[in-house]
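# Commentary on secondary and tertiary structure
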Amino acid sequence: MRRTLNVIRLQMINRQTFIWVPLIILAGATLISVLIYAMIPGDSPKYGGGGQAPLWYFFAIGLSAMTLTFPFSQAMSITRREFFFGTMLTAVLASTFMGVLFLIGGGIEVATNGYGVNGWVFYLPWLWEAGPLGAFVVYFALALFFFVVGFTGATIYKSWGLMVLTIVWITLALVLVGLVYLVTRLELWGQVGARIGDLGAVGLALWGLVATVVLMGVSFLAFRRAIP
């Protein structure tokens, strides 16, 4: 366990990747969103997706955690198992940090009535309908999911190369298109929409965590073949 925790310290050597760059992206996205809200006439609530920017960045963090840090860890005689679990723990901590930041942002928006312009970046009603804890689960699940997707993609690349990675992405895209076609052909969009509404944001986030665990399993299996 001590060696696994040392992997967290290894990943956090460059704090820009896990802390400062996400903070800069979050602050920049918020400032730009508020400026845009201020230019929109009317007093009705204004919602935007600028807060998603640092969550998408977690995809890049997952990539770099594998491609940049893994070779260095092997030179330090860290086992693959220790590196994998230590990196996943780092992702959980970083996702928790991001979830807390989003809660703080939502609290600021409530206290200031949307920064004085009735503009909302973090406090989106559908995400907060289950309260602060529910909103935290959503933001945490999204950040962790994007990280694991990036890490898994980098692991497949390190294990089998660019061609296999490309085939995997194309296959996933074809499966997604096939599902959309099937739902459209059977006229099931109404039922799908109703099901999503019943699950709510928290329910979808929990299913997202299930998908994240599955991806972790895939990356763990592929990780044994990864070339530093």
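Further up the page is the structure itself.
What counts and how
- Residues numbered from 1 in each chain as written.
- Predicted model: local features only at pLDDT ≥ 70, side-chain atom pairs only at ≥ 80, totals over all residues.
- Heavy atoms only, no water.
- Helix = DSSP H or I, 4+ residues; strand = E, 2+ residues; numbered from the N terminus.
- Buried < 20%, exposed > 50% of the residue type's maximum accessible area, 1.4 Å probe, protein only.
- Contact = heavy atoms within 4.5 Å.
- Areas by Shrake-Rupley, 256 points an atom, 1.4 Å probe, with all protein chains shown as cover.
- Lys, Arg positive; Asp, Glu negative; His and termini not counted.
- Charge placed at Lys NZ, Arg CZ, Asp CG, Glu CD.
- Phe/Tyr/Trp six-rings, centres within 6.5 Å; stacked < 30°, edge-to-face > 60°.
- Core = buried A, V, L, I, M, F, W, Y, C linked by side-chain atoms within 4.5 Å.

### Overview of the overall build of the chain
Regarding its fold elements, the chain presents 10 helices and 2 strands. Starting at the N terminus and ending at the C terminus, the chain contains elements arranged as α-α-β-α-α-α-α-β-α-α-α-α. Dimensions of the chain, computed from the C-alpha atoms along their principal axes, are close to 60 × 45 × 30 Å. Buried positions account for 39% of the 228 residues belonging to the chain. Within the chain, contacts between residues at least 6 apart in sequence are counted, and of these 79% link residues at least 24 apart. Accessible surface for the chain amounts to roughly 12700 Å². Of this, 73% is attributable to carbon and sulfur atoms. With 12 positive and 6 negative side-chain charges, the chain shows a separation of 25 Å between the mean positions of the two kinds.

### Regarding the packing of aromatic side chains
Per the stated rule, a full pass over the model turns up 18 aromatic pairs. Relative to phenylalanine 140, the ring of phenylalanine 136 lies with its centre 6.0 Å away and its plane at 20°, an arrangement referred to as stacked. In this pair, phenylalanine 136 and phenylalanine 140 both sit in helix H8 (residues 131-160), 4 residues apart, roughly one turn of the helix. In this pair, the class of phenylalanine 136 matches that of phenylalanine 140, namely buried. Here the aromatic cluster, defined as three or more aromatic residues joined through ring pairs, consists of Phe18, Phe70, Phe83, Phe84, Phe85, Phe147, Phe151, Phe220 and Phe223.

### So, unusual backbone geometry
Peptide bonds are mostly trans, and most non-glycine residues show a negative phi. Despite not being glycine, asparagine 113 has its phi angle at roughly 55°, a positive value. Structurally, asparagine 113 can be placed in the loop between helix H5 (80-111) and helix H6 (114-118). Using a relative accessible area of 47% as the deciding quantity, one classes asparagine 113 as partly exposed. One non-glycine residue, asparagine 118, lies in the positive phi region at around 55°. Within the fold, asparagine 118 resides in helix H6.

### Considerations on the nonpolar core
With 44 residues, the main nonpolar core has Phe58, Met66, Phe83, Phe147, Phe151 and Phe223 as its most contacted residues. Mapped onto this core, the elements with two or more residues apiece are helix H1 (2-11), helix H2 (15-39), helix H3 (53-67), H5, helix H7 (125-128), H8 and helix H10 (189-223). Per-element accounting of this core gives the leading share, 13 residues, to H8. Beyond its immediate sequence surroundings of up to four residues, methionine 66 is in contact with Pro71, Phe83, Phe151, Ala154, Thr155, Lys158, Phe223 and Ala226.

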